[in-house]
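# Chains, contacts and geometry: an overview
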Amino acid sequence: EVTHACGGGYTDCTTNDGLDGLPPGPDANVYRYVDGFIRDVPCYLNVDGCPPGSHFDLNPDGTVNFDPAFKTDVPFRCLIPNSANSGGTGVPGRVGIFGHGVLGSYAQIWAQAALANETGQTWCATNWAGFSNPDLVPGLMPAMSDLSNFYKLVDRMQQGFVNFMMLGRAAIHPAGLATKPEFQIGGVPVIDVSDGDDTRLLYMGISQGAVMGAALTALQPDVDYAVLGVPTINYSTILRRSIDFDQYAAIPGFGLWANYPDEEVRPLGLGMIQLLWDRGEGNGYAQNLRAGNELPNTPPHQVLMAVAVGDPQVPTVASEVEARTIGARLYSPTVHPGRHSDVDPFMGIELVDPPITSGNTMVYYDGGPPSFTGTLGQGTEINPPMNVPGRPEWGFGGDSHYYPWQSEDGIRHESTFLAGNGVPACLSGDYCYSNGWTGP
C-alpha cells in the first residue's frame, strides 16, 4: 500500500508532508520519494504486530511457536531517480533494497540518491526491526540496563530479515510495486520486471546496514549481488573499538557502563550476548557468503566490501576477519605504506590486481591522514592497535566512515559490481581514494 509520494524537489510537498528524515533542500538526483506499507507480513514473535520488546516463543527443541494469525505492517520508503524520467516517460531499471546505519531508519534512503541517478535504479528501504530508531527507547535501553533482556533485540532483528525479504519480493514481483502509479512515469513503470518471476533484486547497506546486511544477503533467495559499505562483523569486537558506542554506553542510569561498572565483567557480558547476536548480524552468517557454502534454497552471492582506512566507527581489523571468512580477495594496491596498523597486513587474504571480474571483493578507500582536509572533511589516522576507537580528541582526525560510498571511485565500483561487471581499476590507476585525497 502506497501512502504518500513526494517530488525530489519538494515542490509538491508541504513541510515535507510527513516525510520525516528527508535531507534539507532539493536533490537533483531524485525524481520522487514514495512512502507506504507492506501489509500483513507474517509476525513470528509473541505479540501481534511484532512491537519492540516482543520476542520468540521458543519450544523446548528450539523451534519457534508462533501464531499464524499474527501479522505486522512493514513501513518503507523508495527513491526513484531523475534518470528514470525521460521526457515524462518512465525508463525501467533495476530495483534494490537499502540497509540504513546504526539505529537509523528508512529515511536514510536519501544516501542512495547519487548511485540511483547514475544507474537508473530505484531503491527502497525499511527499518532494521530490532535495531532501528523506533527500538531505541523500548528495546535498547532495557537491554543495556539488564543484558538478560538482550535476546528480545536479537529476536526482533530476525523478524527484521523477514520484513526486508518481503519488501524485496514486493519490489521485484510483476504484480508488486511496479503496478502502482507512484512507481510509473507517463504510465511506464520505473522498475523493470520484464523477467517476470525471475526478476532479481540488488542489495546495498552502509554501516549497520552492512553488518546486518551480510546476514540478510546470505538469507536472501532473490539477491545475487550486494554492496556492503564500511562493513564489519562481530559486535562484541566492534563496540569497544567504535566511537558510536561511547554515547550509548555512557547514558546516565541507562548506559551499559552505569549498570555494569566492573571492567572485569564487561568483556564477559559482551562475549555472552554475542552468542545471541550471532543470530542477528553478519557474524553468524558470513561463512554462508563463501562460494559453495550457501544456505539451502539460496543462490551464490557475490559481495563487494567497501572499507574506509582508519574507520573510527567500525574496526577494520574485524572487516578483514569478515573478508577471510567469506573468501574475499583484496584489491591491490591496497594502502600506502604506513596506512595500516598491522605489522603483517592482510595475512590470509589474497591480493589481486584490477579489473576484478567476479567473486567476493574487498577494497580499501583512503581519505587521507589528519593533516589533510578534503571534500568531505578531515583525513583520518589509522586504527589504533588497542581495543579502543580512534577518537578525534586523541588526534585521530576526521570520520572516514562516510567517505567510501560518497567517493567517485566508490560509486563507480558500486555501479559496476551491482551490474555484474566486477570492480574496475580506480581512477588514479593505482590506489583507491576518497575525500578528494590523491595520495602522499
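Residues numbered from 1 in each chain as written. Predicted model: local features only at pLDDT ≥ 70, side-chain atom pairs only at ≥ 80, totals over all residues. Heavy atoms only, no water.

## Considerations on empty space enclosed by the protein
To locate leftover empty space, one rolls a probe as large as a water molecule over the atoms. Under the criterion given, the structure shown has 2 cavities of 30 Å³ or more. Of the pockets and cavities examined, the largest cavity occupies roughly 310 Å³. What lines the largest cavity is a set of 24 residues, among which Phe 131, Tyr 235, Leu 239, Phe 245 and Trp 277 lie closest to the centre. Only helix 2 (136-145), helix 4 (208-219), helix 5 (235-238), helix 6 (243-249) and helix 8 (266-277) provide two or more residues apiece to the lining of the largest cavity. Partitioned by chemical class, the residues of the lining of the largest cavity number 19 nonpolar, 4 polar and 1 charged. (1 Å grid on protein atoms, 1.4 Å probe; cavity = no way out; pocket = protein on both sides within 12 Å on 5 of 7 lines; lining within 4 Å. Points joined across faces, edges and corners; volume = space filled by probe spheres on them. Helix = DSSP H or I, 4+ residues; strand = E, 2+ residues; numbered from the N terminus. Nonpolar A, V, L, I, M, F, W, Y, C, P; charged D, E, K, R; others polar.)

## Structural notes on the nonpolar core
Taken as a class, soluble globular proteins show a tendency for nonpolar side chains to be buried jointly. Membership of the largest hydrophobic core comes to 78 residues, with the highest contact counts inside it found for Phe 131, Leu 177, Phe 183, Ile 191, Tyr 203, Trp 277 and Tyr 364. Per element, the largest residue contribution to this core is 11 residues, and it comes from helix 3 (residues 150-172). Residue contacts for Phe 131: discarding those within four places in its chain leaves His 100, Leu 103, Leu 140, Leu 153, Met 157, Gln 208, Met 212, Tyr 235 and Trp 277. One finds Tyr 106, Ile 109, Ala 113 and Met 204 within the second-largest nonpolar core, a separate group that totals 30 residues. (Core = buried A, V, L, I, M, F, W, Y, C linked by side-chain atoms within 4.5 Å. Buried < 20%, exposed > 50% of the residue type's maximum accessible area, 1.4 Å probe, protein only. Contact = heavy atoms within 4.5 Å.)

## Concerning the side chain of His 100
Tracing the chain through its elements places His 100 in the loop between strand 6 (95-99) and helix 1 (113-119). Residue His 100 is classed as buried on the basis of its relative accessible area, which comes to 1%. Polar side-chain contacts of His 100 include one of 2.9 Å to the backbone nitrogen of Trp 128. Setting aside residues no more than four positions away along its own chain, His 100 makes contact with Ser 105, Tyr 106, Gln 108, Thr 126, Asn 127, Trp 128, Phe 131, Ser 132, Ile 206, Gln 208 and Gly 209. (Polar contact = N/O pair within 3.5 Å; in protein donor to acceptor, adjacent residues only side chain to side chain.)

## Quick look at the pairing of strand 6
Strand 6 sits mainly inside the fold: 5 of its 5 residues count as buried. The two faces of strand 6 match: Val 95, Ile 97 and Gly 99 on one face and Gly 96 and Phe 98 on the other face are all buried. Each parallel crossover has a hand, and the one from strand 6 via helix 1 to strand 7 (residues 122-125) is right-handed. (Right-handed = clockwise from strand over helix to strand, strands pointing away.)

## A word on a nonpolar patch on the surface
Together, Leu 58, Val 64 and Phe 66 make up an exposed nonpolar region whose accessible area comes to about 230 Å². Counting through the fold element by element, Val 64 comes out in the loop between strand 2 (30-42) and strand 3 (71-81). (Patch = residues over 30% accessible without salt bridge, like charges linked within 9 Å, V, L, I, M, F, W, Y side chains within 5 Å. Areas by Shrake-Rupley, 256 points an atom, 1.4 Å probe, with all protein chains shown as cover. Salt bridge = Lys/Arg side-chain N within 4 Å of Asp/Glu carboxyl O.)

## Considering helix 9 (residues 316-326)
Every buried residue of helix 9 is listed here: Thr 316, Ala 318, Ser 319, Glu 320, Glu 322, Ala 323 and Ile 326. Buried-residue contacts for helix 9 involve helix 4, strand 11 (223-229), helix 5, strand 12 (302-308) and strand 15 (361-365).

## A short note on the sheet that holds strand 15
With mixed pairing, the 11 strands of this open sheet are ordered in space as 1-2-3-7-6-10-11-12-15-13-14. Each edge of the open sheet carries a strand with a single partner, namely strand 1 (2-7) and strand 14 (351-352). Where strand 13 (residues 329-331) lies against strand 14, 2 bridges are found, and the strand directions are parallel. Its bridge partner lying in strand 14, Leu 330 is registered against Leu 351. Sheet strands in contact with helix 3 are strand 2, strand 3, strand 6, strand 7 and strand 10 (201-206), and its direction is about 120° off that of strand 2. (Pairing = 2+ DSSP bridges. Axes fitted to C-alpha atoms, helices over the stretch in contact; angles between N-to-C directions.)

## So, the pattern of salt bridges
Taken as a whole and assessed by the stated rule, the structure comprises 13 salt bridges. A salt bridge links Asp 35 to Arg 77, with the nearest nitrogen and oxygen atoms 2.7 Å apart. Of this pair, Asp 35 sits in strand 2 while Arg 77 is found in strand 3, placing the two residues 42 residues apart along the sequence. Residue Arg 77 is classed as buried on the basis of its relative accessible area, which comes to 1%. The residue Arg 169 makes a salt bridge to Asp 222 at a minimum N-O spacing of 2.9 Å. Of this pair, Arg 169 sits in helix 3 while Asp 222 is found in the loop between helix 4 and strand 11, placing the two residues 53 residues apart along the sequence.

## So, unusual backbone geometry
A cis amide bond, omega 10°, links Ser 332 with the succeeding residue Pro 333. Positionally, Pro 333 belongs in the loop between strand 13 and strand 14. Following Pro 354, the chain continues to Pro 355 via a peptide bond in cis, the omega torsion being 0°. Assignment of secondary structure puts Pro 355 in the loop between strand 14 and strand 15. Even without a glycine there, the phi angle at Leu 103 is positive, about 50°.

## Here we look at the environment of Asp 73
Counting through the fold element by element, Asp 73 comes out in strand 3. Taking relative accessible area as the criterion, Asp 73 reaches 36% and is therefore assigned partly exposed. Taking the C-alpha atoms as reference points, Asp 73 and Gln 121, separated by 48 residues in sequence, lie 25 Å from one another. Separated by 2.9 Å, the side chains of Asp 73 and Arg 39 make a polar contact. A polar side-chain atom of Asp 73 sits 3.1 Å from the main-chain amide nitrogen of Asp 40.

## Some points on the state of the cysteines
Using the criterion set out here, one finds 3 disulfides in the structure. Note on cysteine connectivity: Cys 78 is disulfide-linked to Cys 124, with sulfurs 2.0 Å apart. Between Cys 78 and Cys 124, the S-S dihedral sits near 105°, and the bridge is therefore right-handed. Placement of Cys 78 in strand 3 and of Cys 124 in strand 7 is noted, with a sequence separation of 46 residues between them. Since its relative accessible area comes to 0%, Cys 124 is described here as buried. (Disulfide = S-S within 2.5 Å.)

## Regarding the packing of helix 3 against helix 8
Packing of helix 3 against helix 8 leaves a shortest axis separation of 9 Å and a crossing angle of 30°. Between helix 3 and helix 8, the crossing angle belongs to the class labelled roughly parallel. Handedness of the helix 3/helix 8 crossing: right-handed. Residues Phe 150, Tyr 151, Val 154 and Met 157 of helix 3 pack against Ile 273, Leu 276 and Trp 277 of helix 8. Among the residues making up the contact of helix 3 with helix 8, the classes are represented as 7 nonpolar, no polar and no charged. (Parallel < 35°, antiparallel > 145°, perpendicular 65-115°, else oblique. Left-handed = near helix turned anticlockwise from the far one by under 90°.)

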